[in-house]
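So the chains spell out like this:
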Amino acid sequence: MRNVRKSLLILVLVFVFTVVAGCGGSSKETAAGGSDEPITIALSPWPGWYMWYLVEQQGLFEKHGVNVKLEWFPVYSDSLQALATGKVDANSQTLSDTLAPISKGIGLKAVLVNDNSNGGDAIVAKPDIASVKDLKGKTVATELGTVDHLLLLTALDQNGLKESDVNFVNMTVNDAGPAFITGKTDASVLWEPFQTKAVTEGKGKVLFSSKDTPGLIPDLLVFRDSVVKNRKGDVQKIVDAWFEGLEYFKAHPDEAIKLLAQKAETTPADFKLGLDSIKLFTREDNVTAFGTREDYSSLAYTAQKTAEFLQKLDMVDDIDDYSVIFDSSFVAGH
C-alpha cells in the first residue's frame with residue numbers, strides 16, 4: 001500500500017508545527033502563561049463537540065473559575081491548522097489526526113476523551129451499491145488525510161481493496177455531502193450531521209460506519225503542550241466543567257438538545273440522531289480509556305494500531321513512546 005498518495009494536509013500541518021516550534025512558539029502561546037488570558041478551544045461540526053456550547057451556556061467555565069473562549073471552525077481541517085499556527089490553545093480533534101505532529105516530535109497533549117464515534121462516521125453510498133467490494137471503480141469522496149479517509153482505507157482494506165481500486169476524490173466533508181446529494185459521487189465518507197442529511201436528501205444508505213470499527217475513532221480535547229505546562233490548573237478546571245456539563249445534559253436532555261440543535265442549525269430530532277451515533281465519555285469512561293490494555297478500549301493501544309496503519313501509507317513517522325500523547329491526570333482529577 002506504499003503507492004497510496006501521501007496526505008498533503010498532514011505534511012502542511014507538520015511543516016507549520018515545525019516552524020512554530022522552531023520559533024519558540026507564537027505570541028498566543030506565550031500569552032497562555034498568564035491566567036487572565038482566555039484559553040481558546042476550537043471546535044467543528046460534530047455532535048460530541050457541540051457539548052462545549054452547553055458548558056458555555058450554563059456558565060460552567062465561570063463557575064469553575066476559568067476564562068475560556070470557544071472558536072468555531074465550520075471546516076474541520078481549518079481547526080487543525082489553527083492549533084498548528086498557535087491561533088488557538090486547544091482543539092477538538094480525533095486521535096488519528098493527532099498522530100502525525102506527534103511523530104514529528106511536536107508537543108501536543110490529549111487530556112480528555114469527549115466521545116467515541118459509534119456510527120457517526122460512515123461511507124454513504126447509492127442504494128444500488130450493495131457492499132464495500134462494490135465500490136471498485138466507483139467515485140468516492142472524502143478529505144485526504146482526515147479520520148474519514150482513514151475509515152475509508154480501513155473499510156477497503158478489510159474487503160481486499162486498495163484506494164487505487166476506487167476513483168478517489170479529495171473533498172472536505174462540507175463539499176462531499178452536497179456532491180453525493182447531487183449525484184456527483186457514488187459514495188462519500190461523511191460524519192454527522194452531514195451523514196444524516198446525505199441519507200435523507202440524497203436517498204443514500206450507510207454502507208460502512210465506525211460502528212463496524214468500535215474504538216477506532218476517539219474524539220479528544222488536545223492542547224498545545226506548553227499550555228498544559230503553563231496553565232495546568234486552568235486545564236483541570238476546563239475538564240471539570242466538561243464533566244459537569246455532561247451531568248447537566250443527562251438531567252435535562254430535552255432542553256440541552258434544543259439548545260445544541262440551534263447551534264447546529266438543525267432540528268432537535270436530527271441532532272438527537274447525531275448524538276445516538278456517538279458514545280459520550282463520562283469521567284469513569286475516560287479513566288478506563290487512558291488505561292493500558294491490549295484492545296481498542298485503550299487510547300494507547302488505539303494510537304499504536306492506527307499509527308501502524310498510517311505508517312504503511314507513509315502518512316505518519318515512527319513514534320517511539322505513545323504515552324507522550326496522553327495526560328491522564330486531568331480526568332483522574334489530580
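Reading the values: the criteria
- What you see as residue numbers is a count from 1 along each chain, following the sequence as written.
- Local features are withheld for residues below a pLDDT of 70 in this predicted model, meaning they are given only at 70 or higher, and side-chain atom pairs are given and counted only at 80 or more; totals for whole chains, interfaces and linings count all residues.
- Water and hydrogen atoms were dropped before computing side-chain values, which therefore reflect all heavy atoms in the structure.
- We define a salt bridge as a contact between a side-chain nitrogen of Lys or Arg and a carboxyl oxygen of Asp or Glu at a distance within 4 Å.
- Secondary structure is summarised from DSSP: a helix means a run of H or I of at least four residues, a strand means a run of E of at least two, and numbering begins at the N terminus for each.
- To sort residues, take the accessible area from a 1.4 Å probe on protein chains only and compare it with the maximum for the residue type: under 20% means buried, over 50% means exposed, and anything in between is partly exposed.
- We treat two strands as partners when DSSP finds at least two bridges between them.
- In this description, a line fitted to the C-alpha atoms serves as the axis of each element, helices being fitted only across the stretch in contact, and the angle between N-to-C directions of two axes falls anywhere from 0 to 180 degrees.
- By definition in these notes, contact holds between two residues if any of their heavy atoms fall within 4.5 Å.

> Describe in detail the pattern of salt bridges, supporting the description with residues and values.
Under the counting rule described, the total for this entry stands at twelve salt bridges. Taking the shortest distance from any N to any O, the salt bridge between Asp276 and Lys272 comes out at 3.4 Å. Highlighted residues: Asp276 and Lys272, both in helix α13 (residues 268-276), separated by four residues, approximately one helical turn. In this structure Lys272 comes out as partly exposed when scored by relative accessible area, which is 41%. Taking the shortest distance from any N to any O, the salt bridge between Glu308 and Lys305 comes out at 3.8 Å.

> Which residues make up helix α6 (residues 96-103), and what values go with them?
When you tally the buried positions in α6, you get eight out of eight residues, the bulk of the element. Listing the buried residues of α6 in full gives Ser96, Asp97, Thr98, Leu99, Ala100, Pro101, Ile102 and Ser103.

> Any chance you could break down the sheet that holds strand β7 (residues 167-170) for me, citing the residues and the numbers?
In space, the five strands of this open sheet follow the order β7-β6-β8-β5-β9, with mixed pairing throughout. On the outer flanks of this sheet lie β7 and β9 (205-209), each paired with one strand and no other. Across the sheet, the axes of successive neighbouring strands diverge by a mean angle of 30 degrees, strand direction being ignored. Alignment of strand β5 (residues 121-125) against β9, held across four bridges, turns out to be antiparallel.

> Now, about the sheet that holds strand β4 (residues 108-117): what can you tell me, with residues and values included?
Strand order in the open sheet made by the six strands is β2-β1-β3-β10-β4-β11, with mixed pairing throughout. At either margin of the open sheet sits one strand with a lone partner, and together these are β2 (68-72) and β11 (278-280). Taken pair by pair, the neighbouring strands of this sheet meet at an average axis angle of 30 degrees, ignoring direction. Pairing of β4 with β11, which is carried by three bridges, proceeds in the antiparallel orientation. Within β11, the position partnered with Ser117 by the bridge is Ile278. Seen against the sheet, α6 touches β3 (90-94), β4 and β10 (218-224) and runs at an angle of roughly 115 degrees to β3.

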